[in-house]
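Spelled out, the chains give:
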Amino acid sequence: ASAFNETKAEEEFIPSIFNPVDDAKCRHGTYDTVTNHCTCNQGWSTAGITDTVDFLEGVCEQFHCKDDDQCHLLLISMNPSATFITSATCPVKGWNCYCGWEAAFKGNCHGYETFNEGGAECMGIMYTASLFFSGFILNWIRTTWLPFLLGALVLLPFGRKRALCDHHYPSLWNAVRTIFGLAPQCRGDCTTMTEYSIDFLKDDLAWSLYVIELGAWSYIFLISVYVFALFLWSCVLWLIVCVILLFFAIAGLCMAGGEGCGTCCDSAGGDCNCFNCDECGNGGCFGDCYIPGTHVGSTGVDSFYYGGQFPYDPYWGHSGYGRAGRMSDGCCGGCCCRNGKCNIPFCLPIAYLFYVFPVMPENMWGGFVGRCVFKTHSLTPTADMYQGGSAVIDFFAMRWLRHTDLHGMEAWRVQVRNFLDSPEQVTPAAGAGSQAPSISTDVANLGTTPEGHQIQGIRNIRVVTVEREFDQRADKIPESVFQDYQKNKCWICYSENDEWDMWLSCNHLYCKDCSTKMLKRSMPCPLCRVASTTVLRGKKASDVSTSSVVSAQEQQALLHNHGGSR
């Protein structure tokens, strides 16, 4: 350590704005009255531009550590009173020592420093934070791939039985496809596919792929936050310099271009928006706040298949249904975009990552377990398919992610009814060239179940005639539609019917006529937006209250009030 007193460092010729006046002001150096600069001790120099205040003062505040032993000697061994320092290392040679958070808060958050035998200094709060989070992110990248890999292997036997068309939902996978010009073209009929394809393979591996995507998202998110934090940190460090330069820049601009800007403001009617950067979506400064290919709020035919209304669960939000809405609708998207305007454009990458946060698959009815254990797989033979009644299998349907439905939305009910009553060609799908799945007219006889129940095939959906009434507790039927069933009043058409269908993926009930129309169109359930490939067809409730059934006259009045007819 005595080597630090043997010689003085070369004189620093960096000009300072606030010149020191004596040795004490130079701190780790001596004041040169000839040059009006500080001559720093060995191992010290004047601060760099990133330490803006000390740089402007021109004082010797930058320690140049050589190794961990040097930091430990000068800050711990020679300072037994500094008990708050448990370790002092030199992670970046030529910088201050890293001593932990408590030492960083010393000296008005500038970092603890000593003056014995040349002295040494700990990093301040900002550099400590930068090094701490850098180490955290590097450690995350090095170690967390193993838990994600193990999780993917454990969940390998579990897949999803596709009940939601997620080809248009925001996700990392769909974003990559869109970037390479391979945006999905599915119109919603993927939920009833029967031929094995890449989508089937993804469904069988859905939970493993979900864990892998979650791991990839966490890596990208941490790196993005780190870069974002470095950007903000740089802004803070440069703030003082910018304030000084901004004063001179504004003065120069006013002298050189004041007349031109005044003309622009006058032509804009007093609005000094010379660059016309109001709207994001209309050629604005920072691009559209919407993410192409991932906005699912579609209209027309598409709204009945993968867009349109989605229930909002008080516990899970939209996570049980995928993403529904624009990026600017969310909390983090809202901080960047409001009313179509980009308020904070540089936070859009972080907001977009929250927007494409991986969503759990909607159930665990696919994969090896679904095919060989639960018998819920789409390719399960008709004679062996699950027909309800098991609490364990129903739990893995994950209906607990979807507590609510759209039963109370009258406007949506009218849209669904009018769509089912209209010919396919009347309502074009949203987007040029898009087309909804065709209406099937074929109803095939697929034989019987081992219990002797008749099975019909409508498109790729199996309808099992169970010839019994439905029980709310045994069949786990939602309260809202079970009341409709007891009244023999279908939610869609308000009509009575002798036969009712229960959609097995969600347990919602509809009259036979409306259910058949939806099945022929490969539509998902309009109440919860979840598709079913197995439907149980049973009898109407025997204890129907005549006072609760809508009369023919009331039905006609309702249809008239909503502008439709059946």
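Now for a description of the structure that goes with this document.

### Notes on the nonpolar core
Core analysis: the largest hydrophobic core is formed by 56 residues, its most contacted members being Phe 470, Cys 490, Ile 492, Trp 503 and Tyr 510. Residues in contact with Trp 503, not counting those within four places in the same chain, are His 508, Tyr 510, Ser 515, Met 518, Leu 519, Met 523, Pro 524, Cys 525, Val 530, Ser 532, Thr 534 and Val 535. By size, the runner-up hydrophobic cluster in this structure holds 22 residues, among which are Tyr 31, Cys 60, Ala 82 and Cys 90.

### A closer look at the sheet that holds strand E8 (residues 454-458)
The sheet built from six strands is open, its strands ordered E7-E8-E9-E12-E10-E11 with mixed pairing. Two strands close off the open sheet at either side, each with one partner strand: strand E7 (443-448) and strand E11 (508-511). Averaged over all adjacent pairs, the angle separating strand axes in this sheet is 30°, with direction ignored. Here E7 runs beside E8; their pairing, made up of four bridges, is antiparallel. In the strand pairing of E8, Thr 448 is matched with Gln 454. Along the sheet face, helix H18 (residues 479-487) touches strand E9 (461-469), strand E10 (499-503), E11 and strand E12 (534-539) and points at about 30° away from the line of E11.

### With respect to the packing of helix H6 (residues 125-143) against helix H7 (residues 145-154)
Their axes nearest at 5 Å, the elements H6 and H7 cross at an angle of 35°. In contact with Trp 140, Ile 141, Arg 142 and Thr 143 of H6, H7 contributes Trp 145, Leu 146, Pro 147 and Phe 148. Looking at side-chain class alone, the contact of H6 with H7 contains six nonpolar, one polar and one charged residues.

### Considerations on the state of the cysteines
If you walk through the whole model with that rule in mind, you get four disulfides. Covalently, Cys 40 is tied to Cys 60 through a disulfide, its sulfur atoms 2.1 Å apart. Negative torsions about the S-S bond denote left-handed disulfides, and the value of about -90° found for Cys 40 with Cys 60 makes this one left-handed. Highlighted residues: Cys 40 in strand E2 (residues 37-40) and Cys 60 in strand E4 (residues 60-63), separated in sequence by 20 residues. Of the two residues, Cys 40 and Cys 60, neither departs from the other in class, the shared state being buried. Of all cysteine sulfurs, the one in Cys 514 lies closest to Cys 511, which takes part in no disulfide; the gap is 3.7 Å. Not part of a disulfide, Cys 525 finds its nearest cysteine sulfur in Cys 528, a span of 3.7 Å.

### Details of a nonpolar patch on the surface
A cluster of nonpolar residues, Trp 145, Leu 146, Leu 149, Leu 150, Leu 153 and Leu 156, forms a patch on the protein surface that exposes about 570 Å² of accessible area. Residue position: Trp 145 is located in helix H7.

### Some words on the pairing of E12
In terms of burial, E12 is a largely internal element, five of the six residues being buried. Here five bridges tie E10 to E12, and the two strands are oriented antiparallel to one another. What sits directly across from Asp 501, in E12, is Arg 537.

### Quick look at the side chain of Asp 204
Tracing the backbone shows Asp 204 in helix H9 (residues 198-204). Put simply, Asp 204 is tucked away with no salt bridge, and the nearest opposite charge, on Arg 371, sits 5.7 Å away. Not counting chain neighbours up to four residues away, the residues in contact with Asp 204 comprise Leu 156, Phe 158, Gly 159, Tyr 196, Gly 366, Gly 367 and His 377.

### Some remarks on helix H14 (residues 367-374)
Among the residues of H14, Gly 367, Val 369, Gly 370 and Phe 374 are the ones counted as buried. Buried residues of H14 fall within an arc of 110° about the axis and therefore sit on the same side. Where the residues of H14 are buried, they touch H9 and helix H15 (391-395). Following H14 by one or two positions, Lys 375 adopts a phi angle in the positive range, close to 60°.

### Regarding the pattern of salt bridges
For the structure shown, the criterion picks out 15 salt bridges. With a closest N to O distance of 2.7 Å, Arg 537 and Asp 501 form a salt bridge. With Arg 537 in strand E12 and Asp 501 in strand E10, this pair connects stretches of sequence that are 36 residues apart. The pair Arg 537 / Asp 501 is uniform in exposure class, with both members buried. It is possible to trace a salt-bridge network through shared partners that takes in Arg 160, Arg 162, Asp 166, Asp 203 and Glu 362.

### Thoughts on the pairing of E11
Residues His 508 and Tyr 510 line one face of E11 and the alternating positions Leu 509 and Cys 511 line the opposite face, and both faces are buried. Note that E10 and E11 share four bridges and pair antiparallel. Paired with Trp 500 across the two strands is Cys 511, which belongs to E11.

### Description of the packing of aromatic side chains
Within a pair of aromatic rings, the relevant descriptors are the distance that separates the centres and the angle that separates the planes. In total, this model carries 24 aromatic pairs according to the counting rule given. Plain terms: the ring middles of Trp 95 and Tyr 127 are 5.2 Å apart, the flat faces sit at 65° to each other, and that makes the pair edge-to-face. On the criterion of sequence distance, the pair formed by Trp 95 in the loop between helix H3 (68-77) and helix H4 (101-104) and Tyr 127 in helix H6 is long-range, its members being 32 residues apart. Here the aromatic rings of Trp 217 and Phe 354 are separated by 6.3 Å at their centres, their planes lie at 70°, and the arrangement is edge-to-face. On the criterion of sequence distance, the pair formed by Trp 217 in helix H10 (residues 206-237) and Phe 354 in helix H13 (residues 348-355) is long-range, its members being 137 residues apart. Take Phe 354: its relative accessible area is 36%, and that puts it in the partly exposed class. Here a set of aromatic residues connected by ring pairs shows up, and it is made of Phe 158, Phe 374, Phe 395, Phe 396 and Trp 400. Above the face of the Tyr 494 ring, Arg 413 is positioned so that its terminal group lies 4.1 Å from the ring centre. Across the ring face of Phe 310, the terminal group of Arg 529 is positioned such that the distance to the ring centre comes to 5.1 Å.

### Some words on unusual backbone geometry
The phi torsion at Lys 375 lies on the positive side, around 60°, for a residue other than glycine. With respect to the secondary-structure elements, Lys 375 resides in the loop between H14 and H15. By relative accessible area, which is 31% here, Lys 375 ends up partly exposed. Positive phi, close to 60°, is recorded for Tyr 494, a residue that is not glycine. Within the secondary structure, Tyr 494 is located in the loop between H18 and E10. What makes Tyr 494 buried here is its relative accessible area of 16%.

The rules we used
Residue positions are given per chain, counting from 1 as you read along its sequence in written order. At least 70 in pLDDT is required for a residue's local features to be given in this predicted model, at least 80 for side-chain atom pairs to be given and counted, and no such filter applies to totals for whole chains, interfaces and linings, which use all residues. The basis for every side-chain value is the complete set of heavy atoms in the structure, and neither hydrogens nor water enter the calculation. What makes a nonpolar core is a set of buried Ala, Val, Leu, Ile, Met, Phe, Trp, Tyr and Cys residues whose side-chain atoms join them at distances within 4.5 Å. Relative accessibility thresholds used throughout: buried, under 20% of the residue-type maximum; exposed, over 50%; partly exposed, between the two (1.4 Å probe, protein chains only). We call two residues in contact whenever any of their non-hydrogen atoms come within 4.5 Å of each other. When DSSP finds two or more bridges between a pair of strands, those strands are recorded as paired. In this description a helix means any DSSP run of H or I spanning at least four residues, a strand means any run of E spanning at least two, and both kinds are numbered starting from the N terminus. Structural elements are reduced to axes, namely lines fitted to C-alpha atoms, with helices fitted over the stretch in contact, and the angle between N-to-C directions of any two is expressed from 0 to 180 degrees. Here the nonpolar group is Ala, Val, Leu, Ile, Met, Phe, Trp, Tyr, Cys and Pro; Asp, Glu, Lys and Arg are the charged ones; every other residue, Gly included, is treated as polar. Here, the term disulfide refers to a pair of cysteine sulfur atoms separated by no more than 2.5 Å. Each patch groups residues whose relative accessible area exceeds 30% and which form no salt bridge, using 9 Å between like charges and 5 Å between nonpolar side chains of Val, Leu, Ile, Met, Phe, Trp and Tyr. Values of accessible area rely on a 1.4 Å probe in the Shrake-Rupley scheme; residue burial ignores everything except the protein chains shown. Each reported salt bridge corresponds to a side-chain nitrogen of Lys or Arg within 4 Å of a carboxyl oxygen of Asp or Glu. Charge assignment in this entry is limited to Lys and Arg as positive and Asp and Glu as negative, and neither His nor the chain termini are counted. The directions from the helix axis to the C-beta atoms form the arc being described. Between 30 and 60 degrees the pair is tilted, below 30 it is stacked and above 60 it is edge-to-face, where a pair is any two Phe, Tyr or Trp rings, Trp via its six-membered ring, whose centres lie within 6.5 Å. Sitting over a ring, as applied to charges here, requires NZ of Lys or CZ of Arg to be within 6 Å of the ring centre and within 35 degrees of the ring normal.

Structural measurements only, silent on function.
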